[in-house]
Amino acid sequence: MRAAVQHRYGPPSVLTSAEVGVPVPGRGEVLVRVGAASVHPGDYFVMTGEPYVLRLVFGLRRPRHGIPGMDLAGVVAAVGKDVTALRPGEKVFGWSTTGALAEYARVPADHLVPVPANLSLGEVAAVPTSAMTALQAVRRIADVQPGQTVLVTGASGGVGSFAVQIAKAFGAEVTGVCGTRNVELVRSLGADHVVDYTRADFTRAGKRYDVILDNVEAQPLAAVRRALTPTGILIPNSGRGGRWLGPLPRVVTARVRSGFTRQRLRPFTSTGKRQDLLTLADLLATGQVTPVIDRTYPLDEAAEALRYIGAGHTRGKVVVTP
């Protein structure tokens, strides 16, 4: 099969298109014929090996799995032992732990759910990691309730575009922060209010929010807290940071400061959960959430897809098709 392969950490140029063996599903696993995959900033960080702390998980000297990517959608080609919930020929989407930028991927069966009938493989491939991050921030971390006010920075990006829609689905009054070219996009996602950060500073506008999901972290923590209600929740979520520890110093600072204020500063790391993916499938099926696709690249141009991700300012998601 064809796959995007990397043998060392580095910029997108380390990726090459190569012929590799088709993986064999083990116990509890499924072989998926990939119809589409998507990439996100986390994939870019893993490819480069920076921040270096990531290498403790993904391989100290080189990537443990030579095929990058996590999120995918496709058709079940074969099932391993003890898999009873999925059958060959079924359309599924979810996340892989051994690489998604290939014609076939080996995936734990409990990382996959059926594709809603009204969506294409390209659309659902854009969902797993970014939408689960948004769902977990809105529901598990913030426990957003109807009538609450929620502000989302980076509202036109991968996580942000899902967060705006999910918060609206939960009954919140949503404000999205984005650049000028994305104002209409964010409004079309259902945002009640849109702040163009090139023209206004939400931290100085005098408006206070129950929840702020800060996917950009362009403002100092003290400034963002000015826009929180006295008992509001701030969720920092940019992933930005130094070459060694990434966002960890900011995470520690936020948690320490939470102990001295009624405002809650809640940085978190999202985790893949099948039940969350089922919730998202329901939101997709009912039209409450619609993936935003910025660009689609062929598999042979996976390096360009990740280069585009690394440059920032994507509108929604970037998809790769075999």
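Bear in mind the structure is a predicted one, so any value in this text is a computation, not a measurement.

On to the pattern of salt bridges, then. The full count for this structure, using the stated rule, is 10 salt bridges. R2 is paired through a salt bridge with D300; the nearest N and O atoms lie 2.7 Å apart. Here R2, found in strand 1 (residues 2-5), pairs with D300, found in the loop between strand 14 (293-298) and helix 10 (302-311); they are 298 residues apart in sequence, far enough to count as distant. Judged by its relative accessible area of 22%, R2 is partly exposed. Notably, a salt bridge pairs R204 with D201, separated by 3.6 Å at the nearest N-O pair. Here the residues in one salt-bridge network are R2, E103 and D300, joined through shared partners.

A few words now on helix 1 (residues 41-48). Buried within helix 1 we find D43, M47 and T48. Along helix 1, the residues classed as buried sweep out an arc of 130° about the axis, all on the same side. Note on helix 1: the residue one or two positions beyond its end, G49, has a positive phi of about 75°.

The next thing to look at is the nonpolar core. Formed by 52 residues in total, the largest nonpolar core has its most connected members in F93, I166, I235 and L280. Sorting elements by how many residues they give to this core places helix 4 (residues 128-141) first, with 7 residues. Ignoring sequence-local partners within four residues, the contact set of I235 consists of A137, I141, A142, V211, I212, L213, D214, R266 and F268. With 30 residues, the next largest nonpolar core counts A37, M47, A100 and L306 among its residues.

Definitions and limits used
- Residues numbered from 1 in each chain as written.
- Predicted model: local features only at pLDDT ≥ 70, side-chain atom pairs only at ≥ 80, totals over all residues.
- Heavy atoms only, no water.
- Salt bridge = Lys/Arg side-chain N within 4 Å of Asp/Glu carboxyl O.
- Helix = DSSP H or I, 4+ residues; strand = E, 2+ residues; numbered from the N terminus.
- Buried < 20%, exposed > 50% of the residue type's maximum accessible area, 1.4 Å probe, protein only.
- Arc of directions from axis to C-beta.
- Core = buried A, V, L, I, M, F, W, Y, C linked by side-chain atoms within 4.5 Å.
- Contact = heavy atoms within 4.5 Å.

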